[in-house]
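Chain by chain, the residues:
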Amino acid sequence: MNVINVIAFLIIYLEMIFKFTVLKSVKIIDIATTLLFTVQIIMTLNLLCNIFKEKVSKAIFYISTVILTIYFIIQTIFYNLFSVPFSFMTLGLASNALDFTNIIKDAIIQNIGKIILLIIPLILIICIHKKIKFKRFNIKQIGIRIVSIIIILLALTGVIFLDRNGVYSSYNLFFNINAQEKNIGKFGLINSTVIDIYRTIFGFEEKAVIEDNNDDNTEENPETDETNETQQTKPTEPEVIEPTYNELELGLDELTNQTTDKGLKNVYEYISSTEPTNQNDYTGYFKDKNLIFILAEGFNSIAVDEKLTPTLYKLTNSGFVFNNFYSPVFLSTTGGEFQASTGLIPTQSILSLWKKNKPKISYALGNSFSKYGYTVSAYHNWTYTYYSRQDTMKTLGFNSYMGIGNGLEKLMDSKWIPRDVDMINVTTDMYTSEDKFVTYYITVSGHAPYNFGTGNSTATRYQEYVQDLPYSKPVKAYLATQMELDRALELLIQKLEEKGILKDTVIALVGDHYPYTLSIDQINEVSTYPRDSIVEVNRSNFILWNSEMQEPVMVDKVGSQIDVLPTLLNLFGIEYDSRLLIGQDILSDNPGVAIFSNRSWVSDYGTYFSTDKKFVPKDNVEIEENYVSNMNKSVANKFTMSQSFLKYNIYEKLVK
């Protein structure tokens, strides 16, 4: 059996298994494109396995086989954990998250079927290794194959230039957009990894996609769900008379004319063309009140229960009630933190840029409020250097930051898993005497693994309350961990009331991500409706509560983590330019949208699944022509500008 046949089988098999089981992509065009782009990989590896002596060639082949198999398995586990493929741009970013060996073990167990499928070629190759034939090429044969590879590369380049229609065309993915999951879907995992490594070493300039309503919408306007036959009236928007916008005079026209940097000019033009959000009835609604903002580990709406978590239940169903809110996973807790505290989208490259360059983000939570005389402080009941927070907290405006390792361990038990209740108990006196304060808590008690063994003392503490529930053990353990968060909230409210400042304090809470070590089937055990594993698995709650609010304010507009910061800025009457945030005030009249890591999205009009390229409209809505195409362009630009704002230090340049 010639080695090239084995190589072809190995690479095509691994690519297809990853595409079908991990990306869940079954589009014929994507499969065909991936197969086309694997030809040059197969021929290149075949050349390497036939230009040396037999022993060396065999070593190259078997080492390559093992490395490829392991790499595909790593990508499978990583994607399962963080809902994004691993990128070399992020080396070091996820290392903290991967320290939890029990989580990795659980991920391996959950994906054991996929892992077995990926190992099959390696096992077969070992079984037939004596039948695999290697032939050392002579100079002429090597030359022919090199020329053939060059011709194939030129042909593939032609394919890229021909495929220019659509936001995520081959051309845009190769030259304009850094969307790794889209690259994998189009070019295959191996080719996308080569692209990723190249961009990591040499850098990559993303570009905004120019709006054009005359695009060929073959890719971006797929067929809609056939069950939604009735599309009648577009939701009416309230008439706003002489609106005032959250917009400042930035001198963008002058700056655009002055700069010779095409990338910076692109950013200025994008900001100029962006519609600002309007001020509204809730602008300044919480002006001069205190704010306690909680980023809750693993919190999701499935944890809200009137009996198990009564405080969460009370706060979720009073104050502002956001009925269509999502907490999208972007590389674990650090992605959730970045979204909620900056109003920007956190891709792996953006998070890497944030942690490497440490840019000041003027509108970030701490920076925005400190300018108005607030005392801002942050607390985390786990290692204070986790996710490089000793540096990134300063970019968010929190120079006062305490965690385990820089002071908090002296005040509370810091053994894994530290209690949220203890953190609240020992820190409230540190800030409640201030005239005005913003306090940021990052909890840890809700962390996986979700079991009742040695890996989760929090779940064990509350085991008796959940042991009789009709759920699987991981789900019971998860609910138990959220009971700790509930008790911490209860204690916080009690302490604020004792100090007489409860009415003057707003409590905001979002989860960093859904409990991603639970399978979708486990999540659906307790969900009130069936969820999919791409979009609805991220549906959650945004708690925004003040004891003085007599009646709940129901908000049906779609929102997500990146909308939290601008919503708070508007409510607290903080002056800002809404065009410099990718998220938007959920209470404004601008249409709502929630964006996910694979570039799927939910709007007020429906849901777009990017892998299937399928838009499912909501009942009784009428969408405009090119709506899906234009939304995809808008979403792509939001990803691009989230990075460009940091890369070009836009806040330093524009916010005085």
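Here, every reference points to the structure presented above.
Residues numbered from 1 in each chain as written. Predicted model: local features only at pLDDT ≥ 70, side-chain atom pairs only at ≥ 80, totals over all residues. Heavy atoms only, no water.

Here we look at the overall build of the protein
So, step 1. When helices and strands are tallied, the protein shows 24 helices and 15 strands.
So, step 2. For the protein, whose C-alpha radius of gyration is 26 Å, the value lies close to the compact-globule estimate of 26 Å for 656 residues.
So, step 3. Dimensions of the protein, computed from C-alpha atoms along their principal axes, come out at roughly 85 × 60 × 50 Å.
So, step 4. Burial statistics for the protein: of 656 residues in total, 59% are counted as buried.
So, step 5. On the protein, roughly 27100 Å² of surface is accessible, and the fraction owed to carbon and sulfur atoms is 55%.
So, step 6. The positive charge centre, built from 58 side chains, and the negative charge centre, built from 72, are 13 Å apart in the protein. (Helix = DSSP H or I, 4+ residues; strand = E, 2+ residues; numbered from the N terminus. Rg over C-alpha atoms; globule rule 2.2 N^0.38 Å. Buried < 20%, exposed > 50% of the residue type's maximum accessible area, 1.4 Å probe, protein only. Areas by Shrake-Rupley, 256 points an atom, 1.4 Å probe, with all protein chains shown as cover. Lys, Arg positive; Asp, Glu negative; His and termini not counted. Charge placed at Lys NZ, Arg CZ, Asp CG, Glu CD.)

Quick notes on the side chain of Ser192
So, step 1. Along the chain, Ser192 turns up in helix H9 (residues 189-202).
So, step 2. Beyond its immediate sequence surroundings of up to four residues, Ser192 is in contact with Asn183 and Ile184. (Contact = heavy atoms within 4.5 Å.)

As for the pattern of salt bridges
So, step 1. Overall, the coordinates contain 13 salt bridges when judged by the stated rule.
So, step 2. Between Glu247 and Arg579 there is a salt bridge, and its shortest N-O distance comes to 3.3 Å. A residue pair is termed long-range when its members are at least 10 positions apart, and Glu247 in the loop between H9 and helix H10 (252-258) and Arg579 in the loop between helix H22 (564-571) and strand S12 (593-595) qualify at 332 residues.
So, step 3. For the salt bridge of Asp504 with Lys503, the shortest nitrogen-to-oxygen distance reads 3.4 Å.
So, step 4. Residue Asp504 is classed as partly exposed on the basis of its relative accessible area of 29%. (Salt bridge = Lys/Arg side-chain N within 4 Å of Asp/Glu carboxyl O.)

Thoughts on the pairing of strand S1 (residues 290-296)
So, step 1. Burial within S1 is extensive, with seven of its seven residues counted as buried.
So, step 2. Neither face of S1 is open: one carries Asn290, Ile292, Ile294 and Ala296, the other Leu291, Phe293 and Leu295, and all of them are buried.
So, step 3. Alignment of S1 against strand S7 (residues 505-511), held across seven bridges, turns out to be parallel. Bridged to Ala296 within S7 is Gly511. (Pairing = 2+ DSSP bridges.)

Observations regarding a nonpolar patch on the surface
So, step 1. Nonpolar side chains collect at one region of the surface, where Ile197, Tyr198, Ile201 and Phe202 lie side by side and expose about 460 Å² of accessible area between them.
So, step 2. When you line up the elements, Ile201 lands in helix H9. (Patch = residues over 30% accessible without salt bridge, like charges linked within 9 Å, V, L, I, M, F, W, Y side chains within 5 Å.)

Topic: the packing of aromatic side chains
So, step 1. According to the stated counting rule, one finds 47 aromatic pairs in the structure shown.
So, step 2. Summarising the aromatic geometry, the rings of Phe286 and Phe572 are spaced 5.7 Å apart at their centres and angled 50 degrees between planes, so their arrangement reads as tilted. Of this pair, Phe286 sits in the loop between helix H11 (262-273) and S1 while Phe572 sits in the loop between H22 and S12; the two residues are 286 residues apart in sequence, bridging distant segments of the chain. Comparing Phe286 with Phe572 shows no difference in burial state: the two are buried.
So, step 3. Measuring from ring centre to ring centre gives 5.4 Å for Trp601 and Tyr608, while their planes differ by 20 degrees; the resulting arrangement is stacked. The same class applies to Trp601 and to Tyr608, which are both buried.
So, step 4. Site record: aromatic cluster; members linked through ring pairs are Tyr282, Tyr285, Phe286, Phe320, Phe322, Phe325, Phe369, Tyr374, Phe542 and Phe572.
So, step 5. Sitting above the plane of the Tyr168 ring, Lys182 keeps its charged end 4.8 Å from the centroid.
So, step 6. Above the face of the Phe204 ring, Arg199 is positioned so that its terminal group lies 3.7 Å from the ring centre. (Phe/Tyr/Trp six-rings, centres within 6.5 Å; stacked < 30°, edge-to-face > 60°. Lys NZ or Arg CZ within 6 Å of the ring centre and 35° of its normal.)

Considering helix H3 (residues 54-82)
So, step 1. Across its 29 residues, H3 extends 41 Å between first and last C-alpha, which sits within 8% of the 42 Å expected from 1.5 Å per residue.
So, step 2. Looking one or two residues past H3, Ser83 carries a phi angle of roughly 65 degrees, positive in sign. (Expected span 1.5 Å × (residues − 1).)

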